[in-house]
Amino acid sequence: MRHTCLFFHAHPDDEALLTAGTMARLAGEGHRVVLVLATAGERGLAPKSLRDRGLGEVRREEAHASARILGCSRVAFLGYADSGHAPGPAPVRGGAQPFASAGVEEAAGRLAALLTEERADLLTVYDPAGGYGHPDHVQVHRVGYRAARLAGTPVVLEATVDRTLLLRGLRAASWVHRFPPEFDRDSFRQAYGARSEITHRVPVKRHWRAKRASMSAHLSQARGGDSERTLAALGRLPGPAFRQVLGTEWFIQRGLPAGPVLRDPLATLPGAAATARGR
């Protein structure tokens with residue numbers, strides 16, 4: 001059965017890091033995959049040469065390129081401004097409302113209209129902490145859940161990372177990679193999802209090339225500020241290492257009864273095969 005799966009992200013490149021493998025997998029299985037972005041990411045870090053072009057427009061183009069690689073049928077933007085990391089996000093030129101300070105009901109209404117139009121069976125959001133705490137990511141969680149209720153979307157998954165593995169990986173990486181002085185490894189102790197919360201561990205090693213190409217499409221975010229960015233560091237991994245490090249994507253579905261961790265993102269849809277459960 002063909003399903004429609006809507007992946008809701010805060011900024012272009014978020015989809016590449018957190019859900020690209022799952023998106024490519026679902027598209028390859030014949031499902032309709034839709035990417036919705038709250039903002040164009042115009043306050044992201046980038047070289048001055050790209051900023052002079054208008055970073056938001058550059059990142060829109062990169063999002064479309066990433067979506068084509070992953071097999072998406074549609075890309076939509078909710079039209080909000082990137083809030084940046086600073087508290088109390090300031091408006092940007094053009095007057096668009098920063099996403100983090102937008103009214104949840106109004107933003108959820110925009111997203112619910114897309115969910116209804118697409119007759120979406122699945123919506124992905126972020127965990128309550130917004131992963132690493134970016135205000136736009138936290139807002140994705142709030143707006144996404146409200147929109148799903150308004151539209152009657154049956155399954156909501158929170159895209160996250162296994163915190164235990166993340167901390168272990170950061171510890172190992174510190175032996176071979178010099179993190180910038182402002183990087184606080186301890187801040188990740190409360191980031192993303194606890195292993196005990198994770199309900200879906202989706203294997204995506206078969207789609208590693210699509211995931212890496214999706215990450216590479218976001219060229220503007222490979223460097224910015226005074227240090228190398230996550231996209232660039234991960235993109236340099238050899239194929240076998242990339243498959244090992246990024247060959248799994250994690251999700252949380254609230255309210256599921258205790259049971260084995262699921263391997264199929266569509267496993268809890270009505271009528272889904274019981275064999276979707278795995279170790």
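Here the residue index of a chain counts from 1 through its sequence in written order. Thresholds applied to this predicted model are a pLDDT of at least 70 for local features of residues and 80 or more for the giving and counting of side-chain atom pairs; totals over whole chains, interfaces and linings are not thresholded and use all residues. For the side-chain quantities, the full set of heavy atoms in the structure was used; hydrogens and water were omitted.

Q: Can you walk me through the packing of helix α4 (residues 55-70) against helix α9 (residues 208-217) in this structure?
A: In helix packing, the relevant descriptors are the interaxial angle and the interaxial distance, both defined with respect to the helix axes. Relative to each other, α4 and α9 sit at 170°, their axes nearing to 8 Å. It follows that α4 is roughly antiparallel to α9 by the angle criterion. Between α4 and α9, the residues in contact are E62, A65, S66, I69 and L70 and A210, A213, S214 and A217, respectively. As a working rule, the residues Ala, Val, Leu, Ile, Met, Phe, Trp, Tyr, Cys and Pro are called nonpolar, Asp, Glu, Lys and Arg charged, and the rest polar, with Gly in that last group. Residue composition of the contact of α4 with α9, by class: six nonpolar, two polar and one charged. Lines are fitted to the C-alpha atoms to define the axes, a helix being fitted only along its stretch in contact, and any angle between axes, read from their N-to-C directions, falls within 0 to 180 degrees. Strands are runs of DSSP state E lasting at least two residues, helices are runs of H or I lasting at least four, and both sets are numbered from the N terminus onward. Just so you know how the angles are binned, under 35 degrees is roughly parallel, over 145 roughly antiparallel, 65 to 115 roughly perpendicular, and the rest oblique. Contacts are assigned to residue pairs with any non-hydrogen atoms lying within 4.5 Å of each other.

Q: Sorry if this is basic, but what is going on with the sheet that holds strand β5 (residues 155-160) here?
A: Sheets are built from strands paired through backbone hydrogen bonds, the pairs being either parallel or antiparallel. Overall, mixed pairing links the seven strands, which are arranged β3-β2-β1-β4-β5-β9-β6 in an open sheet. Both edges of this open sheet fall to β3 (74-80) and β6 (200-203), since each of them pairs with a single strand only. Each neighbouring strand pair of the sheet contributes to a mean axis angle of 30°, computed without reference to strand direction. For two strands to be treated as a pair, DSSP must find at least two bridges joining them. Examined bridge by bridge, strand β4 (residues 122-126) and β5 share five bridges and lie parallel to one another. Looking at β5, one finds that L122 is bridged to V155.

Q: How should I be thinking about the side chain of E158 in this particular structure?
A: With respect to the helices and strands, E158 occurs in strand β5. Classification of E158 as buried rests on a relative accessible area of 0%. Not counting chain neighbours up to four residues away, the residues in contact with E158 comprise V125, Y126, D127, P128, H141, Y145, W250, F251, I252 and R254. Burial classes follow relative accessibility: with a 1.4 Å probe on protein chains only, a residue under 20% of its type's maximum area counts as buried, one over 50% as exposed, and anything between as partly exposed.

Q: Would you take a moment to explain the packing of aromatic side chains for this structure?
A: For any pair of aromatic rings, geometry is given as the distance between the ring centres together with the angle between the planes. Note on aromatic contacts: the rings of Phe and Tyr and the six-membered ring of Trp form a pair at centre separations within 6.5 Å, being stacked when their planes are under 30 degrees apart, edge-to-face when over 60 apart, and tilted otherwise. Summed over all chains, the structure comprises three aromatic pairs. Ring plane angle 50° and centroid distance 5.4 Å describe the contact between Y80 and F99, whose orientation is recorded as tilted. Taken as a pair, Y80 in strand β3 and F99 in the loop between β3 and α5 (104-118) lie far apart in primary sequence, 19 residues in all. With respect to burial, Y80 and F99 carry one shared label: buried. Aromatic side chains W208 and F242 sit 6.1 Å apart centroid to centroid with 50° between the ring planes, which places their arrangement in the tilted category. Here the residue W208 occupies a position in helix α9, and F242 occupies one in helix α11 (residues 239-246), the gap between them amounting to 34 residues. The burial state of W208 is the same as that of F242; both residues are buried. Through pairs of rings, three or more aromatic residues link up here, namely F8, Y80 and F99. Positioned above the aromatic ring of F77 is the side chain of R60, whose terminal nitrogen or guanidinium carbon lies 4.2 Å from the ring centre. Placement of a charge over a ring requires the Lys NZ or Arg CZ to be within 6 Å of the ring centre, with the centre-to-atom vector within 35 degrees of the ring normal. Over the ring of Y80 we find R110; its NZ or CZ atom is 4.1 Å from the centre of that ring.

Q: Help me out: how do you make sense of the pairing of β5 in this one?
A: For a regular strand, side-chain orientation follows a simple rule: the groups alternate between the two sheet faces. A large share of β5 lies buried, amounting to six of its six residues. Going residue by residue along β5, you find V155, L157 and A159 tucked away on one face and V156, E158 and T160 tucked away on the opposite face as well. Of the strand pairs in this sheet, β5 and strand β9 (residues 248-252) are connected by three bridges, and their pairing is antiparallel. By the bridge assignment, E158 is partnered in β9 with I252.

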